[in-house]
Each structure stands twice: as structure tokens, then as C-alpha cells.
Amino acid sequence: QVQVVESGGGLVRPGGSLRLSCAASGFTFSSYVMNWYRQAPGKERELVATITSTGGSTNYVDSVKGRFTISRDNAKNTVYLQMNSLKPEDTAVYYCNARSRLFAWWGQGTQVTVSS
């Protein structure tokens, strides 16, 4: 069955770094666009970063440009989100999303808290 499992969240001080991972199985990972979303308390879910199926193109929401990097390893069926220079406003549950023309799969989310 399809599984999308995030890991790597936690508590970090402002200015710190975290690396999120998303391990996928049960579908042809290399055919899917992969996204990271986040949802802060009381706010709508927001698309943070996108990477194409081959990894050849990426896109970011303006608030994380220059600080976050999305990457993927199709041999390991895994997508990553490297988060540097973290700010308190980055605090949210981060979700991994796999998307094709026909299907979309979501993980359960991982909490990222940026606080001193």
C-alpha cells in the first residue's frame, strides 16, 4: 500500500537548521512531483517547496527562498527539505505530498517548532 512518512522535525532555536525527510513507497516515486507543505496553528496549509519528478526544477514560497532547499533521491524514494536560518514563523506541521496527474498522497506530518 501507499506510504508517505515524514521525519526529522523537532524543536530548534532561531537561526538553527533542520533536515526533514520523506520516505515514500507503494507507488512509482520517480514519476511524481513532490511537495512540502506546512500548516501553522490557525492558518491554512501553505505550499512551501516543490521539486519535479527528475529533480531538475524546484520552486519555493517567497518566505523561505534562500533558506530552504528541497531535493530528492529517486534511488531511495526519498525527498528532503533542508531548512536553514529558521525563524519562529517557520513553526508549523510540515507535510510531504506526492502528486501526479491522477493521484495525490499525503504523509501524516512532522512538527517543527522554532523557539528560544
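Residues numbered from 1 in each chain as written. Predicted model: local features only at pLDDT ≥ 70, side-chain atom pairs only at ≥ 80, totals over all residues. Heavy atoms only, no water.

Undergrad: I'd like to hear about the state of the cysteines, residue by residue, with values.
TA: Simply put, the disulfide is a covalent bond whose two ends are the sulfur atoms of two cysteines. All chains considered together, the criterion is met by 1 disulfide. With its sulfur 2.1 Å from that of its partner, cysteine 22 forms a disulfide with cysteine 96. Across the S-S bond of cysteine 22 and cysteine 96 the torsion is about -80 degrees, and the bridge reads as left-handed. Highlighted residues: cysteine 22 in strand β3 (residues 18-25) and cysteine 96 in strand β9 (residues 92-99), separated in sequence by 74 residues. Each member of the pair, cysteine 22 as well as cysteine 96, is classed as buried. (Disulfide = S-S within 2.5 Å. Helix = DSSP H or I, 4+ residues; strand = E, 2+ residues; numbered from the N terminus. Buried < 20%, exposed > 50% of the residue type's maximum accessible area, 1.4 Å probe, protein only.)

Undergrad: Report on the packing of aromatic side chains, specifying residues and quantitative values.
TA: One pass over the full model with this rule turns up 5 aromatic pairs. Taking 5.7 Å as the distance between ring centres and 10 degrees as the angle between the ring planes, the aromatic pair formed by phenylalanine 103 and tryptophan 105 counts as stacked. Within the aromatic cluster, the residues linked to one another by ring pairs are Phe27, Tyr32, Phe103 and Trp105. In this structure, arginine 19 packs its charged tip against the face of tyrosine 80, placed 4.0 Å from the ring centre. It is arginine 45 that lies over the ring of tyrosine 95; its NZ or CZ is 3.8 Å from the centre. (Phe/Tyr/Trp six-rings, centres within 6.5 Å; stacked < 30°, edge-to-face > 60°. Lys NZ or Arg CZ within 6 Å of the ring centre and 35° of its normal.)

Undergrad: Give a detailed account of the sheet that holds β3, specifying residues and quantitative values.
TA: Taken together, the 4 strands give an open sheet; going across it, the order is β1-β3-β8-β7, and neighbouring strands pair in antiparallel fashion. Each edge of the open sheet carries a strand with a single partner, namely β1 (3-7) and β7 (68-73). Strand after strand, the sheet turns through a mean of 15 degrees between neighbouring axes, direction not considered. Where β3 meets strand β8 (residues 78-83), 6 bridges bridge the pair, whose relative direction is antiparallel. Bridging from a neighbouring strand, leucine 18 pairs with methionine 83 of β8. (Pairing = 2+ DSSP bridges. Axes fitted to C-alpha atoms, helices over the stretch in contact; angles between N-to-C directions.)

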